[in-house]
Amino acid sequence: MMRIEKDFRGEVPVPEEALYGIHALRGRMNFPEETRFHPEWYQAVGVVKQACYQTIMNFIRAIRQKFEDDPEKTTQVIQRLGLSNERIYPFLEKAAAEVAVGSHFDAFLIPACSGGAGTSINMNVNEIIANVALKMMGLSPGEYSAIDPVEHANQYQSTNDVIPTALRVAIMKLLQKLENGINDLRLVTELQEKRVLNIMRPGYTQMQEAVPTSFGKLFSTYNEALSRDWWRISRCFERLKQVNLGGSAVGTGLAVPRFFIMEVVSKLQNITNLPVTRSENLPDATSNLDSLVEVHAILKAHAVNLEKMSGDLRLLASDIGPREVILPAVQVGSSIMPGKVNPVIPEFVISAAHKVYANDQLVGSLAAQGCLELNAYLPVIGHAILDSLKLLISADQTLRENLMTGLEFQVDEPSRRFFGTPSLTTILVPVIGYNQASEIARFMKEHRTDIFEANRATGFLSEERLRSLIHPGNLLKLGFTLSDLE
């Protein structure tokens, strides 16, 4: 069975019990793309509309209070404002609350990539909320004479303030998860740093052996980078908190009660427990998306750090050179080669990071495509940001659970190689000079021997002095003092 719905373009048959309507169907036909819309954004639209309906109910109460001595005037004002059917708003608020927890997502037909600045997103959610509210009232979906998706579900709202506000809510909620995930990964990395604090290894510059260092020093760089990531992510809320809800189509608040404009964001803050505030310049908040560009750049910086860390560990664990690190064997590595194990966690993280880089290019270029009062490309921009957030949350989680926690180190092998590294002679430069240190390094390379044998052959230092100089405590301390030369 079908019901017939109308818009100014004509009629469209809709399945009788469907919670979506004509606007969702037109959007689905016009945007035949298969990438699913992010449920977090869908839920956030429900949260924003909850705040709107609660504010409308408060507005009605404020009208009654203002004209409490004149019942006839109260009735006239409420009727003039289209608020006379007061009983529908609690049902609309309950329906929006169901959307806010992800219910009825199967009735949301709009894909990730759509045109129209999010109008189809807004209208599809309006239809769902209106039809769910109708069913709560004992009516059938499509009985819009009682609750209309535009007249009632979208009252005092515009796509241009609801959808970007909902996006910021969705981003902030995912940022909370990312912030916690980064901190959890940092704590595990810090434990590894302490565990391998003084385990020596050759340093590498330009993929060639360099002066000695330690695993502890290497992991301290990861820990510091993750600490910066955590700090930057925690500051993103400041960039996102100003919303344009109440600004209507272009931020001027046209056709919206001032009461609604002044109150609705406070309601949203109470519902979400997020630091959202009404922008002091609603047209700016409607027109410009540079704050989203800035936030995504911070996400990109975190992706860069994750790729660097994953790439390092993948290289140190490879079979190409002496394996210094052993990655956890999390899955079979080949369908034909028995016993093969691949570095799939670093590969996943690196792949995710590059997807974030691509998203960053998209966010920046489409944010610049905003035209005058509005940016029509918000759906794709929002999808890219949410996509990056979820990729990074996943990357942090799998790095913590499936790699960093089970990481092992080849302690013996690096120590045997360690004394055969010609760059180790750098520690001798302040004592015997660059030229004599170079002689020892040359001997080591030509005869493929260690620093002890080369020193015996050249006779520049006593064995005792050499061992003192290349003690890990000397190699890892910051610079040398004059007493070290005595």
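All values derive from a computational prediction rather than experimental measurement. (Residues numbered from 1 in each chain as written. Predicted model: local features only at pLDDT ≥ 70, side-chain atom pairs only at ≥ 80, totals over all residues. Heavy atoms only, no water.)

## Focus on the packing of helix H2 (residues 39–66) against helix H6 (residues 159–195)
Item 1. Look at H2 against H6: their axes get within 8 Å of each other, and the N-to-C directions meet at 120°. Of the possible angle classes, the one that applies to H2 and H6 is oblique. H6 is crossed by H2, and the crossing has right-handed handedness. Here Glu 40, Trp 41, Ala 44, Val 45, Val 47, Val 48 and Lys 49 of H2 lie close against H6, whose contacting residues are Val 162, Ile 163, Thr 165, Ala 166, Leu 167, Val 169, Ala 170, Lys 173 and Leu 174. (Axes fitted to C-alpha atoms, helices over the stretch in contact; angles between N-to-C directions. Helix = DSSP H or I, 4+ residues; strand = E, 2+ residues; numbered from the N terminus. Parallel < 35°, antiparallel > 145°, perpendicular 65-115°, else oblique. Left-handed = near helix turned anticlockwise from the far one by under 90°. Contact = heavy atoms within 4.5 Å.)

## A few points about unusual backbone geometry
Item 1. With a phi angle near 65°, Met 207 is a residue other than glycine that sits in the positive phi range.
Item 2. Its location among the elements puts Met 207 in the loop between strand E3 (200–205) and strand E4 (208–214).
Item 3. The exposure class assigned to Met 207 is exposed, which follows from its relative accessible area of 63%.
Item 4. Although it is not a glycine, Leu 372 adopts a positive phi angle of roughly 55°.
Item 5. Within the secondary structure, Leu 372 is located in the loop between helix H11 (344–367) and helix H12 (378–404).
Item 6. Judged by relative accessible area, Leu 372 falls into the exposed class, the value being 67%. (Buried < 20%, exposed > 50% of the residue type's maximum accessible area, 1.4 Å probe, protein only.)

## Examining a negative patch on the surface
Item 1. The grouping of Glu 68, Asp 69, Asp 70 and Glu 72 at the surface amounts to a negative patch.
Item 2. Examined against the element boundaries, Asp 70 turns out to sit in the loop between H2 and helix H3 (71–80).
Item 3. Given the relative accessible area of 36%, Asp 70 is considered partly exposed. (Patch = residues over 30% accessible without salt bridge, like charges linked within 9 Å, V, L, I, M, F, W, Y side chains within 5 Å. Areas by Shrake-Rupley, 256 points an atom, 1.4 Å probe, with all protein chains shown as cover. Salt bridge = Lys/Arg side-chain N within 4 Å of Asp/Glu carboxyl O. Lys, Arg positive; Asp, Glu negative; His and termini not counted. Charge placed at Lys NZ, Arg CZ, Asp CG, Glu CD.)

## Notes on the pairing of strand E1 (residues 2–7)
Item 1. Covered by surrounding structure in E1 are Arg 3, Glu 5 and Asp 7 only, the residues Met 2, Ile 4 and Lys 6 on the alternate face being uncovered.
Item 2. Of the pairings in the sheet, the one linking E1 to strand E2 (residues 10–15) comprises six bridges and is antiparallel in character. Across the sheet, the residue bridging to Met 2 is Pro 15, located in E2.
Item 3. Taking the residues between adjacent antiparallel strands as the criterion, E1 and E2 are bridged by two residues. (Pairing = 2+ DSSP bridges.)

## Some points on the environment of Glu 143
Item 1. Mapped onto the fold, Glu 143 is located in the loop between helix H5 (119–136) and H6.
Item 2. In this structure the side chain of Glu 143 is engaged in a polar contact, spanning 3.0 Å, whose partner is the backbone nitrogen of Ser 140. (Polar contact = N/O pair within 3.5 Å; in protein donor to acceptor, adjacent residues only side chain to side chain.)

## Focus on the pattern of salt bridges
Item 1. The final tally for this structure, using the stated rule, is 23 salt bridges.
Item 2. Linking Arg 232 and Asp 229 is a salt bridge whose minimum nitrogen-to-oxygen distance equals 2.9 Å. Note that Arg 232 and Asp 229 are positioned in helix H7 (residues 215–240) at a spacing of three residues, about one turn of the helix.
Item 3. Here Glu 294 makes a salt bridge to Arg 239, at a shortest N to O gap of 2.8 Å. Here the residue Glu 294 occupies a position in helix H10 (residues 290–316), and Arg 239 occupies one in helix H7, the gap between them amounting to 55 residues.
Item 4. Taking relative accessible area as the criterion, Arg 239 reaches 39% and is therefore assigned partly exposed.
Item 5. When salt bridges with common partners are traced through the structure, they connect Glu 453, Arg 456, Glu 463 and Arg 467 into a single cluster.

## Quick word on the environment of Glu 98
Item 1. When you line up the elements, Glu 98 lands in helix H4 (residues 88–100).
Item 2. Put simply, Glu 98 and Ile 129 are 31 residues apart on the chain and 8.6 Å apart in space, counted from C-alpha to C-alpha.
Item 3. Once residues within four sequence positions are removed from consideration, Glu 98 is found in contact with Ser 103, His 104, Val 132 and Met 136.

## Some words on the side chain of Asn 124
Item 1. Tracing the sequence through the fold places Asn 124 in helix H5.
Item 2. Among the residues examined, Asn 124 registers a relative accessible area of 0% and is labelled buried.
Item 3. Apart from the residues within four sequence positions on either side, Asn 124 is in contact with Tyr 20, Ala 24, Ala 107, Phe 108, Leu 109 and Ile 110.

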